[in-house]
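# An overview of the molecular structure
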Amino acid sequence: MILKLCDLEVSGFSQLVGKSESHIYGVVNGSRPLSNSFANQIGAILNFDSGVIFNLNRPLPSLLESDKLIDFRRKYSNNLEYFISKRNEQSIDFFLVNVLIPSEFMEDKRSVSEIRIHSREVYKKEFSSEELSKGLRYAVKKGHLKTTKKEIVKSSGTKGIRMVDVFWS
């Protein structure tokens, strides 16, 4: 609940409190007990009485007002892996549906390799062929894209005999 209230992923909370991610995962999953000393450390960092953590009948205070959390959010604002609210911004599905598919680039039929190169050069987004292909097929399933098979075009510009998926909006 504290991670959610702070809008932090495990990796971000780990960085904030100075504990390993495996330690945080263990506490979150219940395979490692939350010690009094660690609860006190969390309370000191987030500026609240750590006894609240162990008392389910007391509501947690507003954690977003902690100076250390505010400084942390400012310092690491560009690290998408640290914040729950930024999780979608880094997903391939978010990128495809909100950025690439609405662009003019997707009006023509494009292969996975063409889309991959375009994403890297124009948007500075690096995807493996496998993850991009998976994301594109999911976008087709959701009705955001259309797809068909087309003969592959070799780097020399000639058509090959192998068929590849092409996608367009």
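Model, not experiment: these values are computed from the prediction.

Calculation notes
Residues numbered from 1 in each chain as written. Predicted model: local features only at pLDDT ≥ 70, side-chain atom pairs only at ≥ 80, totals over all residues. Heavy atoms only, no water. Helix = DSSP H or I, 4+ residues; strand = E, 2+ residues; numbered from the N terminus. Buried < 20%, exposed > 50% of the residue type's maximum accessible area, 1.4 Å probe, protein only. Pairing = 2+ DSSP bridges.

### Details of unusual backbone geometry
For Asn47, which is not glycine, the phi dihedral falls at a positive 60°. Mapped onto the elements, Asn47 comes out in the loop between helix H4 (36–46) and helix H5 (51–54). Despite not being glycine, Lys124 shows a phi value in the positive range, around 60°. The exposure class of Lys124 is exposed, given its relative accessible area of 68%.

### Observations concerning the sheet that holds strand E1 (residues 110–111)
If you trace the 3 strands from one edge of the open sheet to the other, you get E1-E3-E2, paired in antiparallel fashion. Two strands close off the open sheet at either side, each with one partner strand: E1 and strand E2 (146–153). Pairing of E2 with strand E3 (residues 159–168), which is carried by 7 bridges, proceeds in the antiparallel orientation. By the bridge assignment, Lys146 is partnered in E3 with Trp168.

This is a description of form; function is not addressed.
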